[in-house]
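Overview (structure and organization)
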Amino acid sequence: MKTVEKAMKGMDFIKGEVYKEFAQSDADEIWKNATDKLEKIMADHANLPKGVAAHTDRAIFPSAAIYLSMKEKDADKAFEVMRVAMKNRSEQSGASLARTAKFPGFTRFFLAMWGPVARKSFGEASGFKNVFYPKKKGEFCMDITQCPYHTYLTELGCPEINKLFCDNDIYSYGNIPGLEFIRTKTIGNGDELCDFRLRLK
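As the structure is a prediction and not an experimental result, all values here were calculated from the model.

**Here's the deal with the layout of surface pockets**
In this structure, the largest pocket encloses a volume near 1,200 Å³. As for the largest pocket, its lining consists of 42 residues, and the residues nearest its centre are His55, Ala59, Phe122, Tyr149 and Phe165. Every element with two or more residues in the lining of the largest pocket is listed here: α1 (2-9), α2 (12-21), α4 (50-71), α5 (75-100), α6 (106-121), β2 (139-146), α8 (162-173) and β4 (194-200). At eight residues, α4 tops the list of elements feeding residues into the lining of the largest pocket. Considering only residue class, the lining of the largest pocket consists of 22 nonpolar, 13 polar and seven charged. Taken as a whole, the second largest pocket spans an internal volume of roughly 280 Å³. Lining the second largest pocket are 17 residues, with Leu111, Ala112, Lys135, Glu139 and Phe140 positioned closest to its centre. Going through the elements one at a time, α6 and β2 are the ones with two or more residues in the lining of the second largest pocket. Sorting elements by how many residues they give to the lining of the second largest pocket places α6 first, with six residues. Among the residues making up the lining of the second largest pocket, the classes are represented as nine nonpolar, two polar and six charged.

**A word on the pattern of salt bridges**
Scanning all chains against the criterion turns up 14 salt bridges. In this structure, Glu91 and Lys87 form a salt bridge, with 2.7 Å as the shortest nitrogen-oxygen distance. Here Glu91 and its partner Lys87 are both found in helix α5, four residues apart, which amounts to about one turn of the helix. Residue class for Lys87 comes out partly exposed when judged on its relative accessible area of 23%.

**Let's talk about the packing of helix α3 (residues 24-44) against α4**
For any two helices packed against each other, the geometry is given by the interaxial angle and the distance between the axes. Running from N to C, α3 and α4 point in directions that differ by 135°, and their axes come no closer than 8 Å. The angle between the axes of α3 and α4 places the two elements in the oblique class. Seen from above, α3 lies across α4 with right-handed handedness. Packed against α3, whose contacting residues are Ile30, Trp31, Asn33, Ala34, Lys37, Leu38, Ile41 and Met42, the element α4 presents Asp57, Phe61, Pro62, Ala65, Ile66, Leu68, Ser69 and Met70 at the interface.

The rules we used
Residues numbered from 1 in each chain as written. Predicted model: local features only at pLDDT ≥ 70, side-chain atom pairs only at ≥ 80, totals over all residues. Heavy atoms only, no water. 1 Å grid on protein atoms, 1.4 Å probe; cavity = no way out; pocket = protein on both sides within 12 Å on 5 of 7 lines; lining within 4 Å. Points joined across faces, edges and corners; volume = space filled by probe spheres on them. Helix = DSSP H or I, 4+ residues; strand = E, 2+ residues; numbered from the N terminus. Nonpolar A, V, L, I, M, F, W, Y, C, P; charged D, E, K, R; others polar. Salt bridge = Lys/Arg side-chain N within 4 Å of Asp/Glu carboxyl O. Buried < 20%, exposed > 50% of the residue type's maximum accessible area, 1.4 Å probe, protein only. Axes fitted to C-alpha atoms, helices over the stretch in contact; angles between N-to-C directions. Parallel < 35°, antiparallel > 145°, perpendicular 65-115°, else oblique. Left-handed = near helix turned anticlockwise from the far one by under 90°. Contact = heavy atoms within 4.5 Å.

Here is the structure:
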């Protein structure tokens, strides 16, 4: 139960939007139901590899539990609450990166670290399948051909919020000075893969 409480605490950025858009009694019920749903989901997936669980337990499962609980009250409002909350948080992250990028050398350092980070956090041990392209100066390129966000959100019956996780990347990496983020397709939007490119301008 402690892990469930920790996961729900990590969703406070969504909780604020839930209580903003729903009456307090409804919001209270949504949050309780989401906690109960999450406890069951996590119990049903208790033996996931550590790398996969890093994504499921902190992001995928609690987001699905909250969304599904809101959806029982108002499906349209549920999606919009998730969209706004996730966009706001990712824009804050992106603004922080943009400020840090003003320091000399940060943009090149950020680009250089993406290879090791992607292989560790978005590799097969974390439930992804990728194509990593040969290293080129001033550029990082990979395709994701299998994604645990798509896998588990589809399994839980809410594949429609997959695209919101894809959009997070745009808000997080799309406005870093001196760096271009390029993506033309995503699995969350029904494409066969996610192409992910970072390139020095």
